[in-house]
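Below are the chains, spelled out letter by letter.
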Protein chains: 2
Amino acid sequence: MRKYHLLAPGPTPVPPQVLEAMARPLVHHRTKDFEALFAEVRAGLSWLHQDKGDVIILAASGTGGMEAAVANLLSPGDGALVVEGGKFGERWTEICKAYGMAADVLRVEPGYSLRLDELESRLDPARHKAVFVQASETSTGAKHDVRALGGLLKRKAPGTLLVVDAITALGVYDLRPAEWGIDAVVGGSQKALMLPPGLATIWLSERAWAAAAKSRSPRYYFDLRIERKVQAKNTTAWTPAISLIVGLKVALGMMREEGLDAIFKRHARLAAGAQAAAGALGLDIFPQDLRSESVTAVRVPEGVNGKAIPDRMQDAYGVTIAGGQGELAGKIFRIGHLGYVDESDVLTAVGALENVLTDLGRRVERGAGVAAAQKMLLG
Amino acid sequence: MRKYHLLAPGPTPVPPQVLEAMARPLVHHRTKDFEALFAEVRAGLSWLHQDKGDVIILAASGTGGMEAAVANLLSPGDGALVVEGGKFGERWTEICKAYGMAADVLRVEPGYSLRLDELESRLDPARHKAVFVQASETSTGAKHDVRALGGLLKRKAPGTLLVVDAITALGVYDLRPAEWGIDAVVGGSQKALMLPPGLATIWLSERAWAAAAKSRSPRYYFDLRIERKVQAKNTTAWTPAISLIVGLKVALGMMREEGLDAIFKRHARLAAGAQAAAGALGLDIFPQDLRSESVTAVRVPEGVNGKAIPDRMQDAYGVTIAGGQGELAGKIFRIGHLGYVDESDVLTAVGALENVLTDLGRRVERGAGVAAAQKMLLG
């Protein structure tokens with residue numbers, strides 16, 4: 001007997017009532033029933049984006065949403081500034097290059113947050129049609145302050161679009177794209193939306209929609225102009241991922257019942273609990289500036305085989321967390337606490353971590369992490 | 001109380017054991033468990049394509065798979081010949097245009113199948129790097145003979161790639177891409193694969209893989225070069241639609257147990273039953289040449305409001321079929337009988353159809369269609 005505890009920064013656990021709804025016989029998508037469902041989901045997504053505007057739903061994982069942002073907002077040869085603070089920042093650059101944009105890279109040391117003065121010194125309002133950034137860089141656990149970035153662009157480069165990968169930010173902490181001067185927000189289903197992977201969401205500002213009308217980049221499946229027209233009629237241009245949309249209705253219902261404030265507070269509390277546990281175990285939190293409430297990235301202590309930590313968490317204790325990616329492999333591990341995750345789940349992860357560190361030869365006071373987390377979680 | 005009977009040409013009913021597997025707690029995709037699952041699914045897809053080669057799995061609906069074929073095999077400016085025998089043929093043209101290919105359209109009257117002499121007279125081996133076609137044109141119920149087409153290309157244009165949308169053909173009737181000289185086969189999960197929508201599959205011949213290595217078309221999410229490398233290691237480049245892949249394992253297991261021959265025979269029998277019923281009710285089958293075993297398209301009889309047929313089938317009798325699309329709206333209706341569909345389901349559809357035609361003022365001998373279908377279905 002081995003229970004399975006999913007505490008990764010995505011995919012995240014799917015609530016049983018969502019799984020149950022998705023397990024019902026499939027509804028055809030060209031029916032009034034589906035249209036009513038889709039209308040409710042659209043309204044819920046607007047609510048989540050704290051705006052009245054359209055949120056487009058795509059049958060793709062988050063990377064497809066990122067590609068949709070690039071291909072719809074820029075044309076080949078357009079200049080862009082990419083904030084690259086980790087693996088997902090690099091993904092923006094890769095997509096821009098694949099589509100022939102001239103991407104200037106503002107490299108941010110992994111674990112650090114974007115410094116506005118650095119961005120300002122690199123920003124060329126005439127050249128940069130867009131700035132691409134992560135709200136929460138899942139690979140490092142660091143946040144970039146997209147609100148402040150929006151304010152800066154408004155003052156210094158009012159013609160430059162601000163495109164935000166919010167895949168592990170949306171539904172985790174406060175994000176007000178319309179109010180903060182953000183032009184595109186990309187989300188993914190397998191994060192705080194509490195669904196299996198397979199849906200991407202994208203919100204655009206009105207001026208981003210105007211840019212989408214002008215872009216000369218080739219696109220079809222991800223053509224947001226087509227989707228906007230069709231989704232306004234509560235259907236989709238191509239066959240939608242029906243079962244995920246059925247699940248999304250239930251998940252959004254749960255989120256509306258909890259309320260945005262409570263959701264944000266819960267995630268902040270879980271993050272504080274995980275961070276406190278790491279501190280009590282003598283471990284260093286990897287992000288140095290702003291820490292994302294969705295994932296706690298911890299530096300692997302010296303003398304411990306870092307790659308063995310997630311493996312042993314899973315094999316010996318049934319807890320799935322994530323290791324480091326790319327250059328961070330073996331150097332950090334990441335505990336996800338976004339979506340359908342509560343205080344007990346964080347204690348579960350911390351308890352297993354204490355065991356694993358002990359197993360791997362690190363001297364750890366058993367219970368110290370759990371106790372520190374518990375204090376914070378009750379707070 | 002209203003039972004829900006899904007007899008559309010996609011989405012199709014999902015077997016309860018597939019729904020049940022998909023309703024289990026989500027497995028993380030970067031784990032050994034998922035890798036083992038993915039290996040099994042890949043082997044099953046190769047079996048379904050009657051070939052040893054790789055079948056790539058994409059988190060997208062079928063249209064995404066079609067776009068992947070276009071963007072990976074051709075470069076901007078390349079010439080292509082598109083067989084346009086209905087809405088999905090038009091989709092090939094639209095995708096080619098979106099990506100800047102020079103698409104010549106060979107228009108086939110809806111309901112008819114491609115004539116090889118016509119294709120031969122339009123084919124320009126020097127200009128056409130690829131021919132795009134549907135194996136089964138879902139919008140009309142007509143088949144194109146891709147085996148014969150493969151033979152023709154081998155003789156007359158050996159350098160031209162044959163790209164086949166097999167979304168409602170794969171797992172319905174015999175299709176041997178490697179043997180028949182086909183270069184790309186696109187599939188979709190919500191058809192004979194008996195899953196909800198959200199997965200596309202694509203098989204490529206070795207020379208198509210060589211073309212993919214050379215294509216200059218922009219692509220990232222659908223970059224098959226990346227996916228081939230990564231999927232060979234039993235994982236995916238971007239987050240996969242995990243729950244659908246879990247379901248696919250179960251669905252492929254069911255298909256392997258039934259066996260390809262039995263699957264093809266079942267679909268042929270169901271199609272014959274539906275066609276016999278239409279004949280017995282004095283209705284004309286829409287396809288004039290080759291009829292697809294996945295969907296029976298029937299011409300709306302004179303004096304009957306064609307758009308009302310699918311609506312009333314659903315609202316009054318709980319049976320979901322499909323109407324005509326585009327220029328065929330109101331002129332035909334389509335009964336899907338692919339995937340998790342058996343003889344009783346066809347009788348269900350035919351019985352409801354008799355009722356609806358009567359309701360709409362058409363004189364119908366009740367029971368005549370059901371009896372004719374039943375005779376065929378037992379044969």
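What counts and what doesn't
- Residues numbered from 1 in each chain as written.
- Chains lettered and ligands numbered in written order.
- Predicted model: local features only at pLDDT ≥ 70, side-chain atom pairs only at ≥ 80, totals over all residues.
- Helix = DSSP H or I, 4+ residues; strand = E, 2+ residues; numbered from the N terminus.
- Buried ≥ 20, exposed ≤ 12 C-beta atoms within 10 Å, placed from the backbone.
- Contact = placed C-beta atoms within 7 Å.
- Domains from an automatic or database assignment.
- Nonpolar A, V, L, I, M, F, W, Y, C, P; charged D, E, K, R; others polar.
- Least-squares fit on C-alpha atoms with pLDDT ≥ 70 in both.
- Pairing = 2+ DSSP bridges.
- Axes fitted to C-alpha atoms, helices over the stretch in contact; angles between N-to-C directions.
- Parallel < 35°, antiparallel > 145°, perpendicular 65-115°, else oblique.
- Left-handed = near helix turned anticlockwise from the far one by under 90°.
- pLDDT = per-residue confidence, 0-100.
- Core = buried A, V, L, I, M, F, W, Y, C linked by C-beta atoms within 7 Å.

1. Things to note about the overall build of chain A
On a plain count of helices and strands, chain A comes out with 14 helices and 14 strands. Counting only C-alpha atoms and orienting by the principal axes, one finds that chain A spans roughly 60 × 55 × 35 Å. In chain A, which comprises 379 residues, the proportion classed as buried is 58%. A separation of at least 24 residues holds for 71% of the contacts in chain A among residues at least 6 apart in sequence.

2. Quick word on the domain arrangement of chain A
All names here are of chain A. On domain assignment, one finds that chain A holds domain 1 (5-11 + 259-378) and domain 2 (16-257). For domain 1 and domain 2, the distance between their C-alpha centres works out to 27 Å. At the interface, 25 residues of domain 1 touch 26 residues of domain 2. Elements that contribute at least two residues to the side of domain 1 that touches domain 2 include exactly α11 (260-280) and β11 (295-299). For the side of domain 1 that touches domain 2, a count of residues per class yields 12 nonpolar, nine polar and four charged.

3. A few points about the relation of the copies chain A and chain B
With an RMSD of 0.0 Å, the fit of chain A onto chain B corresponds to turning through 180° and sliding 0.0 Å along the axis. The relationship between the two copies is best expressed as a two-fold rotation axis. Of every C-alpha in chain A, the one belonging to A:Ala60 sits nearest the axis of rotation, 2.5 Å from it. A high fraction, 100%, of the interface residues of chain A reappear at the interface in chain B, so the copies pair face to face through one surface.

4. A word on the pairing of strand β14 (residues 332-336) of chain B
All names here are of chain B. Most of β14 is tucked away, with five of its five residues classed as buried. Burial along β14 is two-sided: the face carrying Ile332, Arg334 and Gly336 and the face carrying Phe333 and Ile335 are both buried. Pairing of strand β11 (residues 295-299) with β14, which is carried by five bridges, proceeds in the antiparallel orientation. Among the inter-strand pairings, Val298 is bridged to a residue of β14, identified as Phe333.

5. Side note on the interface of chain A and chain B
Residue-level contacts link 44 residues of chain A with 44 residues of chain B. Going through the elements one at a time, α1 (16-22), α3 (62-73), α4 (87-98) and α10 (242-258) of chain A are the ones with two or more residues in the side of chain A that touches chain B. Examining the composition of the side of chain A that touches chain B, we find that four residues originate from one element, α3(A), more than from any other. When its residues are assigned to classes, the side of chain A that touches chain B shows 26 nonpolar, 14 polar and four charged.

6. Side note on the packing of helix α12 (residues 308-317) of chain B against helix α13 (residues 343-359) of chain B
All names here are of chain B. Contact geometry of α12 with α13 gives a least axis separation of 10 Å together with a crossing angle of 110°. For the element pair α12 / α13, the angle class is roughly perpendicular. Like other packed secondary-structure pairs, α12 and α13 cross with a definite hand, here right-handed. From α12, Ile309, Arg312, Met313, Ala316 and Tyr317 reach across to α13, where they touch Ala352, Leu353, Asn355, Val356 and Asp359. Residue composition of the contact of α12 with α13, by class: seven nonpolar, one polar and two charged.

7. Considerations on the environment of A:Ala178
All names here are of chain A. Relative to the elements of secondary structure, Ala178 occurs in helix α7 (residues 177-180). With 16 C-beta atoms packed within 10 Å, Ala178 lands in the partly exposed category. Expressed as a C-alpha distance, the spacing of Ala178 and Leu204, which sit 26 residues apart in the sequence, is 9.0 Å. Apart from the residues within four sequence positions on either side, Ala178 is in contact with Asp51, Gly53 and Ser205.

8. Focus: the packing of α13(B) against helix α14 (residues 368-378) of chain B
Residues and elements named next belong to chain B. Here α13 crosses α14 at 165°, and the two axes come no closer than 9 Å. Classified by the angle between their axes, α13 and α14 sit roughly antiparallel to one another. Crossing geometry of α13 relative to α14 is assigned as right-handed. Side by side, α13 and α14 meet where Glu343, Val346, Leu347, Val350, Gly351, Leu353 and Glu354 of the first sit next to Gly369, Val370, Ala373, Gln374 and Leu377 of the second. Looking at side-chain class alone, the contact of α13 with α14 contains seven nonpolar, three polar and two charged residues.

9. Quick word on the confidence of the model for chain A
On average, residues of chain A score 97 in pLDDT, and 100% of them reach the 70 mark or higher. The complex prediction reports pTM at 0.97, with the ipTM value standing at 0.96.

10. Focus: the sheet that holds strand β13 (residues 322-323) of chain B
Residue and element names in this part refer to chain B. The three strands are arranged β11-β14-β13 in an open sheet whose pairing can be described as antiparallel. The sheet is open, and its two edges are formed by β11 and β13, each paired on a single side. In the packing of helix α11 (residues 260-280) onto the sheet, the strands contacted are β11 and β14, and the crossing angle to β11 comes to about 15°.

11. Here's the deal with the pairing of strand β9 (residues 184-188) of chain B
Residues and elements named next belong to chain B. Among the five residues that make up β9, five are buried, leaving the element largely enclosed by the rest of the structure. Of the two faces of β9, the one carrying Ala184, Val186 and Gly188 and the one carrying Val185 and Gly187 are both buried. Examined bridge by bridge, strand β8 (residues 161-165) and β9 share three bridges and lie parallel to one another. Each bridged residue has a counterpart across the sheet, and for Val164 the counterpart in β9 is Val185.

12. Side note on unusual backbone geometry
Following A:Gly10, the chain continues to A:Pro11 via a peptide bond in cis, the omega torsion being 0°. Despite not being glycine, B:Asn234 has its phi angle at roughly 65°, a positive value.

13. Considerations on the nonpolar core
Grouped burial of nonpolar side chains is what soluble globular proteins tend to show. Among the nonpolar cores identified, the biggest contains 268 residues, and A:Leu73, A:Ala184, A:Ile202, B:Leu73, B:Ala184 and B:Ile202 are the most heavily contacted of them. Among all residues touching B:Ile202, those that are not within four sequence positions of it are B:Val55, B:Ile56, B:Leu58, B:Gly65, B:Ala68, B:Ala69, B:Ala184, B:Val185, B:Val186 and B:Leu224.

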